[in-house]
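Structural characterization, general
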Protein chains: 2
Amino acid sequence: MKHFSEITPAAARIVDAAESLIRSVGYNGFSYEDVSRMVGIRKPSVHHHFPTKGELGVIVVQRYTHRFTERLEEIGRLHETAAGRLQAYCDLFSETYATGRSLCICGMLGAESNAIPDVVQVEVRRFFEDNAAWLADVLKQGAQAGEIQLKCPAGMLADYLLSALEGSMLLGRGRQIDQGPQHVAEVFLASLR
Amino acid sequence: MKHFSEITPAAARIVDAAESLIRSVGYNGFSYEDVSRMVGIRKPSVHHHFPTKGELGVIVVQRYTHRFTERLEEIGRLHETAAGRLQAYCDLFSETYATGRSLCICGMLGAESNAIPDVVQVEVRRFFEDNAAWLADVLKQGAQAGEIQLKCPAGMLADYLLSALEGSMLLGRGRQIDQGPQHVAEVFLASLR
DNA sequence: GTCTATATCTTGATAGAC
DNA sequence: GTCTATCAAGATATAGAC
């Protein structure tokens, strides 16, 4: 299987379509036919770039995780305080949800975990581990600097915040409302003061 | 469409199977063939009880919501304090997840919201609204009684807790770990003191 | 309530030409 | 890189017998 960084422009358009479809209807909710329609090519042309659906799924998640990681690094550079970093992190989710009630790719695939190829599942897991570790780190640094007070272990709080963010998107979509992760940062940060 | 309370024992076994399948692989992850295998009858026999998949989905969610509501009433009777009620509420989710990393039916269907029949979506929405209202009520009563301190509006906190619970199941499954909603009550209640 | 048989469509995937 | 043609399997669903 090729690496996501080596894909051609034609393949990238397919990955774009697949990413958008997974966000909206999930891995088991879209087909090669859907992708081909969105990109404007025929089904076998999609298979030419990604022989199996599993390979396509893997590339989608790998590229997503890579881009997300870049945003995390950017947040680290732009914000000095834990509160600032956590707020910016939550904003990533708010912005995603604000775009047509889009879910996090890995939130969607996490729910579908039992019904997707193992190779895709592995990538989803990596995304969550990376995010939980990054959040725990931000919380620990903030506590050491005396900016925030941790009433629970940092790892537990990190998991908790990530859960609330992913869950708020799921809830918002399920309730068919525009209110998604917008309040999560507010409530979470209030609990650290 | 018939009401969930009027289903025959044969139909109930089909609903059991469908509920378990939705929990595990989602609405778009199971087929009538899967149901027929689990129940031990043929596909057309499943259609005899539930002509369309949408009708089956509706009955699954209606029964689930009804049972869940009964548990909420029970919690109201058994526990006097807000903390006790919230802890018992969180335990409902923990117990579900502890059973083979099962998700909440409506958490799963909330994610799949864009890819399920409208009639099912309506039921999912009702479940979330009911739960959010119940939680907001518990929080309000607890605050009035002076048991807990609300740093944010009750409705916002209710949504937040529900998000964290649903999200923690999704996260746990995505990370393939047994740790699910167990810590949510702990962290949430700590933030109210 | 359950069955066999069947219809119709969609799905993921391949062969081979241009 | 894209196409037409094709396939085998699976999906939802119906007809009609027992």
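It should be noted that the structure appears before, not after, this text.
Attention here is on the structure that accompanies the text.

The rules behind these values
Residues numbered from 1 in each chain as written. Chains lettered and ligands numbered in written order. Predicted model: local features only at pLDDT ≥ 70, side-chain atom pairs only at ≥ 80, totals over all residues. Heavy atoms only, no water. Helix = DSSP H or I, 4+ residues; strand = E, 2+ residues; numbered from the N terminus. Rg over C-alpha atoms; globule rule 2.2 N^0.38 Å. Buried < 20%, exposed > 50% of the residue type's maximum accessible area, 1.4 Å probe, protein only. Areas by Shrake-Rupley, 256 points an atom, 1.4 Å probe, with all protein chains shown as cover. Lys, Arg positive; Asp, Glu negative; His and termini not counted. Charge placed at Lys NZ, Arg CZ, Asp CG, Glu CD. Contact = heavy atoms within 4.5 Å. Buried area = accessible area lost by both parts, 1.4 Å probe. Salt bridge = Lys/Arg side-chain N within 4 Å of Asp/Glu carboxyl O. Polar contact = N/O pair within 3.5 Å; in protein donor to acceptor, adjacent residues only side chain to side chain. Nonpolar A, V, L, I, M, F, W, Y, C, P; charged D, E, K, R; others polar. Near = heavy atom within 4 Å. Expected span 1.5 Å × (residues − 1). Axes fitted to C-alpha atoms, helices over the stretch in contact; angles between N-to-C directions. Parallel < 35°, antiparallel > 145°, perpendicular 65-115°, else oblique. Left-handed = near helix turned anticlockwise from the far one by under 90°. Least-squares fit on C-alpha atoms with pLDDT ≥ 70 in both. Disulfide = S-S within 2.5 Å. Core = buried A, V, L, I, M, F, W, Y, C linked by side-chain atoms within 4.5 Å. Phe/Tyr/Trp six-rings, centres within 6.5 Å; stacked < 30°, edge-to-face > 60°.

Quick notes on the overall build of chain A
Scanning chain A from N- to C-terminus turns up nine helices and zero strands. Taken against the 2.2 N^0.38 rule, which gives 16 Å for 193 residues, the C-alpha radius of gyration of chain A at 18 Å falls within 12% of a compact globule. Structurally, chain A occupies a C-alpha span of about 60 × 35 × 30 Å along its principal axes. Across the 193 residues that make up chain A, the buried fraction comes to 55%. Carbon and sulfur atoms provide 50% of the accessible area of chain A, an area that totals close to 8,100 Å². One finds the centroid of the 20 positive side-chain charges in chain A at a distance of 5 Å from the centroid of its 23 negative side-chain charges.

Quick notes on the interface of chain B and chain A
Contact with chain B, which involves 45 residues of that partner, is made by 45 residues of chain A. Both sides together, the interface formed by chain B and chain A hides about 4,000 Å², and carbon and sulfur atoms give 63% of it. Per-residue buried area on chain B facing chain A is highest for B:Tyr160, B:Leu170 and B:Arg175; these three make up 18% of the total on that side. Of the charged contacts, one joins A:Asp159 and B:Arg175 as a salt bridge, the two residues approaching to 3.1 Å between their closest N and O atoms. Counting the contacts that link chain B with chain A gives 16 residue pairs in polar contact (both at pLDDT 80 or more). Among the elements of the structure, helix 1 (9–25), helix 6 (105–111), helix 7 (118–144), helix 8 (154–175) and helix 9 (184–192) of chain B are those that each provide at least two residues to the side of chain B that touches chain A. Looking at which element gives the most residues to the side of chain B that touches chain A, the answer is helix 8 of chain B, with 15 residues. By residue class, the composition of the side of chain B that touches chain A is 21 nonpolar, 14 polar and 10 charged.

A word on the protein's contact with DNA strand D
Lining the immediate surroundings of DNA strand D are 18 residues, of which A:Thr8, A:Arg42, A:His49, B:Lys43 and B:Lys53 lie closest. Those atoms of DNA strand D that come within 4 Å of the protein belong to sugar or phosphate at a rate of 57%. Between a base oxygen of DNA strand D and a side-chain N or O atom of B:Lys43, the distance comes to 3.4 Å. A distance of 2.9 Å separates a phosphate oxygen of DNA strand D from a polar atom in the backbone of B:Lys53. Sorting elements by how many residues they give to the surface near DNA strand D places helix 3 (residues 43–49) of chain A first, with four residues. Residue composition of the surface near DNA strand D, grouped by class: seven nonpolar, seven polar and four charged.

As for the protein's contact with DNA strand C
In the vicinity of DNA strand C there are 18 residues, among which A:His47, A:Lys53, B:Thr8, B:Arg42 and B:His48 approach most closely. The separation between a base oxygen of DNA strand C and a polar side-chain atom of A:Lys43 is 3.3 Å. At 2.8 Å from a phosphate oxygen of DNA strand C is found a main-chain nitrogen or oxygen belonging to A:Lys53. Within the residue set of the surface near DNA strand C, elements represented by two or more residues are helix 2 (32–39) and helix 3 of chain A together with helix 3 (43–49) of chain B. Of the residues belonging to the surface near DNA strand C, the class tally is seven nonpolar, seven polar and four charged.

Examining helix 1 (residues 9–25) of chain A
Residue and element names in this part refer to chain A. In a regular helix each residue adds 1.5 Å, so 17 residues correspond to 24 Å; helix 1 covers 24 Å between its end C-alpha atoms and thus fits that length. Listing the buried residues of helix 1 in full gives Ala 11, Ile 14, Val 15, Ala 17, Ala 18, Glu 19, Leu 21, Ile 22, Arg 23 and Val 25. Immediately beyond the C-terminal end of helix 1, within one or two residues, lies Gly 26, with a positive phi of roughly 85°.

A look at helix 7 (residues 118–144) of chain A
The end-to-end C-alpha distance of helix 7 of chain A, which contains 27 residues, comes to 39 Å, matching closely the 39 Å that a straight helix rising 1.5 Å per residue would cover. With its phi angle positive at about 80°, A:Gly146 sits one or two positions after the end of helix 7 of chain A.

Focus on the packing of helix 7 of chain A against helix 8 (residues 154–175) of chain A
Residue and element names in this part refer to chain A. Running from N to C, helix 7 and helix 8 point in directions that differ by 125°, and their axes come no closer than 8 Å. One finds that helix 7 runs oblique with respect to helix 8. Of the two elements, helix 7 crosses helix 8, and the hand of that crossing is right-handed. Each of Phe 127, Phe 128, Asn 131, Ala 132, Leu 135, Ala 136, Leu 139 and Lys 140 in helix 7 lies in contact with helix 8, whose residues at this interface are Ala 154, Gly 155, Leu 157, Ala 158, Asp 159, Leu 161, Leu 162 and Glu 166.

So, the relation of the copies chain B and chain A
Least-squares fitting of chain B to chain A yields an RMSD of 0.0 Å, with the transformation described by 0.0 Å of translation along the axis and a rotation of 180°. Viewed as a symmetry operation, the transformation between the two copies matches a two-fold axis. With an isologous cut-off of 70% or more, the 100% of interface residues of chain B that recur at the interface of chain A puts this contact in the isologous class.

Points about the state of the cysteines
Each disulfide consists of a covalent bond between the sulfur atoms of two cysteine residues. All names here are of chain A. Using the criterion set out here, one finds zero disulfides over all chains in the structure. Its sulfur unpaired, Cys 106 is 5.0 Å from the next cysteine sulfur, which belongs to Cys 104. Take Cys 106: its relative accessible area is 0%, and that puts it in the buried class.

Quick notes on the nonpolar core
If you look at the biggest cluster of nonpolar residues, it comprises 149 residues, and the most contacted ones within it are A:Tyr89 and B:Tyr89. Each residue touching A:Tyr89, except ones within four places of it in the same chain, is listed here: A:Phe68, A:Leu72, A:Ile75, A:Asn131, A:Trp134, A:Leu135, A:Leu162 and A:Leu165.

Here we look at the packing of aromatic side chains
Enumeration over the complete set of coordinates arrives at 19 aromatic pairs over all chains. Arranged with centres 5.1 Å apart and planes meeting at 75°, the rings of B:Phe68 and B:Phe127 form a pair that is edge-to-face. One end of the pair, B:Phe68, is in helix 4 (residues 53–78); the other, B:Phe127, is in helix 7, with 59 residues separating them in the sequence. Like B:Phe127, B:Phe68 is buried. An aromatic cluster is built from A:Tyr64, A:Phe68, A:Tyr89, A:Phe93, A:Phe127, A:Phe128 and A:Trp134, whose rings are joined through pairwise contacts.

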